[in-house]
Amino acid sequence: MTGNDSDRGTRGYDTVALVLQGGGALGSYQGGIYEGLAEAGLQPDWIAGISIGAINAAIIAGNPPERRVEQVRRFWEHICQPPLLPPTPVDALRDTLAMLPAPAGTAVSAWEAWRAVLEGQNGFFVPRLVPSWPLLHNPETASVYDSGPLKRTLEEFVDFELLNSGAMRVSVGAVNVQTGNFAYFDNTEQPLTADHIMASAALPPGFAPVQIDGEYYWDGGIVSNTPLYKILQSNPERYALIFQVDLWSAHGQLPGNLAEVPIRQKDIQYSSRTRLVTDYMRDVQEYRGLLREMLKHMPAGHDGEPWMKRACELASDRRINVIHLIYRGDKSEAPYKDYQFGRLGMEERWSGGLTDIRRTLAHPSWLDLPSAEHPFVTHDVHRPSSGR
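Since the structure is predicted, the reported quantities are computational estimates derived from the model, not experimental observations.

(A) Structural view of the overall build of the chain. Of regular secondary structure, the chain possesses 13 helices and 12 strands. Residue burial in the chain is summarised as follows: out of 388 residues, 50% are buried. Once local pairs closer than 6 in sequence are excluded, the contacts in the chain between residues at least 24 apart make up 75%. When the accessible area of the chain is evaluated, it comes to approximately 18,200 Å², of which 57% is carbon and sulfur surface.

Set out below in structure tokens:
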């Protein structure tokens with residue numbers, strides 16, 4: 001670790017990272033989270049995303065700070081419209097649902113979800129008029145929907161020259177269709193384009209793979225829906241404040257009927273074991289601290305040894321603070337919450353994200369730099385904080 005605390009940025013951290021999970025329509029929750037961060041003057045210098053998280057990341061990084069919240073909001077208002085028939089009257093619907101029993105909300109969510117299935121979403125995707133026939137071989141049409149509108153939307157809402165300027169690091173995850181290997185596209189290694197963002201969001205069979213440098217890529221959520229590990233394994237070692245925004249909850253209720261089974265399955269599948277990763281990394285950091293203490297008692301004369309150099313690297317003083325935010329939602333959304341793009345649902349998720357981050361930031365001590373004795377801590381407004 002290089003540099004003194006006085007040289008570091010926010011509260012002594014070298015980097016403030018925002019990590020955005022994939023989750024389709026649930027991604028407006030991340031917009032609310034970002035609005036709350038901007039409201040508090042917490043601007044990340046590194047943002048990593050998968051799928052819809054990659055799209056939100058591109059819009060944030062591809063706009064100047066004073067326009068980011070506005071542009072993310074405009075994007076969500078833009079895509080949360082059906083491309084053919086008139087949109088559902090949101091204001092009237094909001095007042096009506098407030099007076100009706102819960103099943104009414106479920107019916108509205110189902111209606112909005114089926115509109116997305118049948119019509120697509122404005123500036124995002126539309127059904128293919130001609131399906132991909134089994135006898136034809138064209139990877140770029142092997143999908144139910146055409147996501148061509150998304151490319152035009154990204155080019156409208158994202159200044160890719162600014163995104164690649166180095167003002168903010170951006171990492172988006174995808175999976176190579178042929179090798180099955182996970183890959184990160186990072187603007188510190190190559191200029192990112194709309195194709196890189198779309199590759200991260202190309203979830204089959206809905207969307208076709210996207211070609212990058214002669215290789216085809218699908219949505220990174222197939223392998224790992226949370227890019228947290230990318231930040232945690234960063235090199236050089238850093239003091240990091242990480243806002244981890246999950247759209248799927250690993251913890252949930254036991255399904256009580258067949259209709260609830262796919263809901264719980266999706267939550268488990270796409271939560272990507274965020275807490276397992278953080279628990280593992282906490283143990284790793286404590287082992288590093290132990291190794292650092294042991295090296296203080298090592299006899300002199302071994303500095304030039306390869307094993308000694310490697311031990312010193314592993315023992316580096318790294319401290320990580322993960323602020324965990326998880327979308328909770330309500331039962332009326334399931335089992336189609338990730339493709340229910342109705343305007344009312346979008347606004348409720350955005351509001352939920354804003355509420356959660358404001359509640360989180362109401363605990364200012366949670367942002368403090370972890371101590372050397374407890375170098376890895378996590379905080380979650382919905383659960384007791386952890387650290388040892």
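(B) Structural detail: the nonpolar core. With 70 residues, the main nonpolar core has L18, I47, I55, W76, F124, F243 and F341 as its most contacted residues. Considering every element that reaches this core, the biggest residue donor is helix α2 (residues 52-61), with eight residues. In this structure L18 touches Y34, L37, P44, W46, I47, A48, I60, F243 and V245, once residues within four positions along its chain are discounted. Residues L228, I242, M281 and V322 belong to the second largest nonpolar core, which totals 13 residues.

(C) Region of the structure containing the side chain of E119. Summarising the element assignment, E119 is placed in helix α5 (residues 102-119). E119 has contacts with P82, P83, L84, L85, F125, V126 and P127, leaving out every residue within four places of it along the chain.

(D) Structural detail: a nonpolar patch on the surface. A contiguous nonpolar surface patch, about 230 Å² in accessible area, is contributed by L203, I222 and V223. For I222, the location among the structural elements is in the loop between β8 (215-219) and α9 (228-232).

(E) Structural context of the pairing of strand β9 (residues 240-246). Within β9, seven of the seven residues are buried, which leaves it mostly tucked inside the rest of the structure. Here β9 shows a buried face lined by A240, I242, Q244 and D246 and a second buried face lined by L241, F243 and V245. As judged from the six bridges shared by strand β1 (residues 15-20) and β9, these two strands associate in the parallel manner. From the neighbouring strand, V16 faces β9, where its bridge partner is L241. Alignment of β9 against strand β10 (residues 320-326), held across seven bridges, turns out to be parallel. The partner of A240 across the bridge, within β10, is I320.

(F) Just the UniProt feature "active site" (unreviewed entry) in the chain, in detail. Residues given the UniProt feature "active site" (unreviewed entry) here are S51 and D219. On the basis of their most widely separated C-alpha atoms, the annotated residues across 169 residues gather in one place, lying no more than 5.9 Å apart. Here S51 lies in the loop between β2 (46-50) and α2. With respect to the helices, strands and loops of the structure, D219 is situated in strand β8. Excluding its chain neighbours within four sequence positions, the residues that come into contact with D219 are I50, S51, A174, V175, A199, S200, A201, A202 and L203.

(G) Examining the environment of V322 more closely. Along the chain, the position of V322 falls in strand β10. Residue V322 is classed as buried on the basis of its relative accessible area, which comes to 1%. Along the backbone, V322 and L241 are 81 residues apart, and their C-alpha atoms lie at a distance of 6.1 Å. Those residues in contact with V322 that sit more than four places away from it in its chain are I242, Q244, T278, F376, V377, T378 and H379.

(H) Seen up close, the environment of Q190. Here Q190 is to be found in the loop between β6 (182-186) and α8 (194-200). With relative accessibility at 23%, the residue Q190 sits in the partly exposed group. Taking the C-alpha atoms as reference points, Q190 and N164, separated by 26 residues in sequence, lie 8.4 Å from one another. Beyond its immediate stretch of four places on either side in the chain, Q190 contacts N164, F185, H196 and D213. A distance of 3.3 Å separates the side chain of Q190 from the side chain of H196, its partner in a polar contact.

(I) How the structure looks around the side chain of T153. Tracing the chain through its elements places T153 in helix α6 (residues 148-157). Taking relative accessible area as the criterion, T153 reaches 3% and is therefore assigned buried.

(J) Inspection of helix α13 (residues 343-361) at higher detail. The end-to-end C-alpha distance of α13, which contains 19 residues, comes to 27 Å, matching closely the 27 Å that a straight helix rising 1.5 Å per residue would cover. Where α13 is concerned, the buried positions are L344, G345, M346, E347, R349, W350, G353, L354, D356, I357 and T360.

Basis of the calculations
Numbering of residues begins from 1 in every chain and follows the order in which that chain's sequence is written. Only residues with pLDDT of at least 70 are given local features in this predicted model, and only at 80 or more are side-chain atom pairs given and counted; all residues enter the totals for whole chains, interfaces and linings. The side-chain figures draw on all heavy atoms in the structure; neither hydrogens nor water molecules are used. Segments assigned H or I by DSSP are reported as helices when at least four residues long, segments assigned E as strands when at least two residues long, and all are numbered from the N terminus. Exposure categories follow from relative accessible area, calculated using a 1.4 Å probe and restricted to protein chains: below 20% of the type maximum is buried, above 50% is exposed, and the middle band is partly exposed. Residue contacts are counted whenever heavy atoms from the two residues lie within 4.5 Å of one another. Only the protein chains shown count as cover for residues, and the accessible areas themselves come from Shrake-Rupley with a 1.4 Å probe. We define the nonpolar core as a collection of buried residues of types Ala, Val, Leu, Ile, Met, Phe, Trp, Tyr and Cys that are connected through side-chain atoms lying within 4.5 Å of one another. Residues enter patches when they are more than 30% accessible in relative terms and free of salt bridges; like-charged ones are connected within 9 Å and nonpolar ones (Val, Leu, Ile, Met, Phe, Trp, Tyr) within 5 Å. The working definition used for a salt bridge is a side-chain nitrogen of Lys or Arg within 4 Å of a carboxyl oxygen of Asp or Glu. Each pair of strands is called paired provided DSSP finds at least two bridges between the two strands. UniProt positions are given in the numbering used here, feature names are shortened, and annotations may be inferred rather than shown by experiment. For this analysis, a polar contact is any N or O atom pair within 3.5 Å, provided that within protein one partner can donate a hydrogen and the other can accept it, and provided that sequence-adjacent residues contribute only side-chain to side-chain pairs. Expected span, for any helix, means 1.5 Å times one less than how many residues it has.

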